[in-house]
Each structure stands twice: as structure tokens, then as C-alpha cells.
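# Summary of the model geometry
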Amino acid sequence: MAKLKRRGVRINDSHFVNIFSKLIISCFAILCLSLPTAALSKTNLIVHNEKATFIAPYQSWIDNPYDANIPLPDETIDLYLTKCPGFQAAGCTVPRGFWDKPNPTIWISDEYHNEQNLSNNKIIFYHELGHVFDYTHLDDTERREIIRMMGFPEDMTWYGDQRGRPNELFAAGAAICWYGPDAPWAAYGYSFNYRETQPL
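### Structural notes on the overall build of the protein
The helix and strand inventory of the protein stands at six helices and five strands. Secondary structure elements of the protein, listed N to C terminal, follow the sequence β-α-β-α-β-β-β-α-α-α-α. Out of the 200 residues belonging to the protein, those deemed buried represent 52%. Excluding contacts between residues fewer than 6 apart, the proportion of contacts in the protein whose partners are at least 24 apart in sequence is 71%. Taken as a whole, the protein presents about 9,400 Å² of accessible surface, with 49% of it coming from carbon and sulfur.

Take a look at the structure:
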């Protein structure tokens with residue numbers, strides 16, 4: 001198993017350029033083949049709203065992705081509508097077992113789960129779902145193949161370094177596919193839109 005780390009979306013992160021992002025579209029050949037296409041999502045979301053006065057239609061977004069041919073995680077996922085624990089990010093996620101969490105767990109920062117930021121909320125949520133798919137459905141062999149397809153050097157790790165972050169680009173591309181052509185942005189310099197990403 002790959003080393004487990006917390007992952008978070010950081011909007012406009014200046015540390016990561018998009019010179020490799022054009023090559024990530026190839027990794028969706030693996031994503032699409034990992035599960036049967038057009039399968040009904042079995043993703044079950046448990047929302048912990050805590051102090052939230054508004055809850056976005058997260059389960060509806062899971063049940064009705066723009067591109068149903070890109071499989072969603074077949075998992076029960078905990079979603080907390082509060083800031084990421086321990087660091088500042090729009091959203092973050094940890095795999096099952098991290099911090100003794102019984103399920104893969106997503107946090108979305110307070111400022112994004114409101115009616116004024118639904119488009120940002122949705123793309124952040126889908127990005128974090130991309131990480132959950134990584135945690136639950138990809139193995140190290142598939143991750144190495146994705147890194148190779150992206151054109152990174154052979155010594156690049158899945159979690160990356162100053163040269164780029166393969167796992168973040170993977171999650172960004174998945175988010176674009178699930179959101180569709182109207183996606184407002186993608187994290188970590190992923191520069192391709194839905195029409196350029198979807199064919200693979």
C-alpha cells in the first residue's frame with residue numbers, strides 16, 4: 001500500500017505548475033476500466049452537519065454525476081461540514097483507518113458549504129471523492145502506471161514533490177468528469193476541460 005497522507009484542495013496553489021497536467025488525461029483509461037461502466041453508484045454518504053445551517057445536495061451529486069461512465073467510489077463515506085483538521089484547505093480527505101476513522105472521511109471548509117458557493121462546493125466535493133476512489137480502488141501498480149502516463153520521472157512518488165503531485169492531478173481530472181463541462185475550475189494546475197478529459 002502507498003504511504004497514507006491527508007490530502008487537501010488548495011485553490012490557486014502557486015507551488016504546482018501545470019506542465020504535466022495535459023498528460024493526466026491518459027490515466028482515465030485506468031479509472032474507466034477499474035469498474036464496470038455506467039454502473040449505478042453505491043456510494044453512501046453520511047453527512048455530519050454539526051453547526052451547518054445549510055447542507056448542499058451532496059447525495060444527489062453522487063447519484064447524478066454528469067458522466068456516469070466514470071465510476072464513483074463504492075463506499076460508505078463520512079462527510080464533515082467543517083474546516084479540515086490541522087491545516088487550512090478548502091477540502092481534505094483521509095482513508096479508512098486514518099485517525100481511527102471507520103470510513104473514508106471528507107471535510108469541506110465552512111466557507112464553501114453554503115448557497116452562495118454551490119459551484120465551488122461541488123467541484124471541491126468531487127475532487128475529494130477522486131481521492132477516495134484512489135484510496136479504495138487503485139493499487140500501487142495502477143498508480144505507477146498513472147505516474148508513467150503523466151510523463152513524470154521514474155522516481156516520482158504518488159504524493160509528489162516540487163515537480164508536481166500526481167495524486168492531486170488524478171483527483172482534479174476525476175472531479176472535472178463528474179462535474180461536467182460547466183466545472184468552474186480544477187485544482188493543482190489541471191488545465192483540461194471536460195471535453196478534453198472525458199474521451200478516455
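### What to know about the packing of aromatic side chains
Using the criterion set out here, one finds ten aromatic pairs in the structure. Centre to centre, the rings of Y58 and F125 are 4.9 Å apart; their planes meet at 65°, and the pair counts as edge-to-face. Remark: F125 occurs in helix α3 (residues 118-137) and Y58 occurs in helix α2 (residues 58-63); sequence separation between them is 67 residues. Summarising the burial analysis for this pair, Y58 and F125 share the class buried. Among the aromatic residues, ring-to-ring pairing joins Y58, W61, F125, Y126 and W178 into one connected group. Residue placement shows K122 over the ring face of Y179; its charged tip is 4.8 Å from the ring centre.

### Focus on the confidence of the model for the protein
This prediction gives the protein a mean pLDDT of 75; 70% of its residues lie at or above 70. For the stretch residues 9-30, pLDDT sits under 50, and the model shows 63 contacts to residues farther than four places along the chain or on other chains. In this model residues 32-40 is a low-confidence stretch, pLDDT under 50, and it forms 16 contacts with partners more than four residues away in sequence or in other chains.

### Regarding the packing of helix α4 (residues 140-150) against helix α5 (residues 166-179)
Relative orientation of the contacting elements α4 and α5 amounts to 85°, with a least axis distance of 10 Å. Between α4 and α5, the angle is such that the two are roughly perpendicular. Note on element contacts: α5 touches α4 through P166, L169 and F170, opposite I146, I147 and M150. Here the residues of the contact of α4 with α5 sort into six nonpolar, no polar and no charged.

### Describing the pairing of strand β4 (residues 91-94)
Neither face of β4 is exposed, since G91 and T93 on one face and C92 and V94 on the opposite face are all buried. Note that β4 and strand β5 (residues 105-108) share four bridges and pair antiparallel. Its bridge partner lying in β5, T93 is registered against I106.

### Focus on the packing of α3 against α5
Helix packing geometry: the angle between the two helix axes and the distance between the axes. Relative orientation of the contacting elements α3 and α5 amounts to 125°, with a least axis distance of 7 Å. The angle between α3 and α5 places the two elements in the oblique class. Considering only the axes of α3 and α5, their crossing is right-handed. Of the residues in α5, those in contact with S119, K122, I123, Y126, H127, L129, G130, H131, F133 and D134 of α3 are N167, E168, F170, A171, A172, A174, A175, I176, W178 and Y179. Per-class residue counts for the contact of α3 with α5 are twelve nonpolar, five polar and three charged.

### Here we look at the pattern of salt bridges
Within this structure, the stated rule accounts for four salt bridges. Put simply, R143 and D140 hold a salt bridge, and the shortest N to O gap is 2.9 Å. Linking R143 with D140, this pair stays in helix α4, spanning three residues, or about one helical turn. Looking at R143, the relative accessible area reads 5%, which means it is buried. Among the residues examined, D140 registers a relative accessible area of 32% and is labelled partly exposed. R148 is the salt-bridge partner of E145, the closest N and O atoms lying 2.4 Å from each other. Here E145 pairs with R148, and both are found in helix α4, just three residues apart, close to one helical turn. Judged by its relative accessible area of 27%, E145 is partly exposed. Its relative accessible area of 53% is what places R148 among the exposed residues. Where salt bridges share partners, they join D134, D140 and R143 into one cluster.

Conventions we followed
Residues numbered from 1 in each chain as written. Predicted model: local features only at pLDDT ≥ 70, side-chain atom pairs only at ≥ 80, totals over all residues. Heavy atoms only, no water. Helix = DSSP H or I, 4+ residues; strand = E, 2+ residues; numbered from the N terminus. Buried < 20%, exposed > 50% of the residue type's maximum accessible area, 1.4 Å probe, protein only. Contact = heavy atoms within 4.5 Å. Areas by Shrake-Rupley, 256 points an atom, 1.4 Å probe, with all protein chains shown as cover. Phe/Tyr/Trp six-rings, centres within 6.5 Å; stacked < 30°, edge-to-face > 60°. Lys NZ or Arg CZ within 6 Å of the ring centre and 35° of its normal. pLDDT = per-residue confidence, 0-100. Axes fitted to C-alpha atoms, helices over the stretch in contact; angles between N-to-C directions. Parallel < 35°, antiparallel > 145°, perpendicular 65-115°, else oblique. Nonpolar A, V, L, I, M, F, W, Y, C, P; charged D, E, K, R; others polar. Pairing = 2+ DSSP bridges. Left-handed = near helix turned anticlockwise from the far one by under 90°. Salt bridge = Lys/Arg side-chain N within 4 Å of Asp/Glu carboxyl O.

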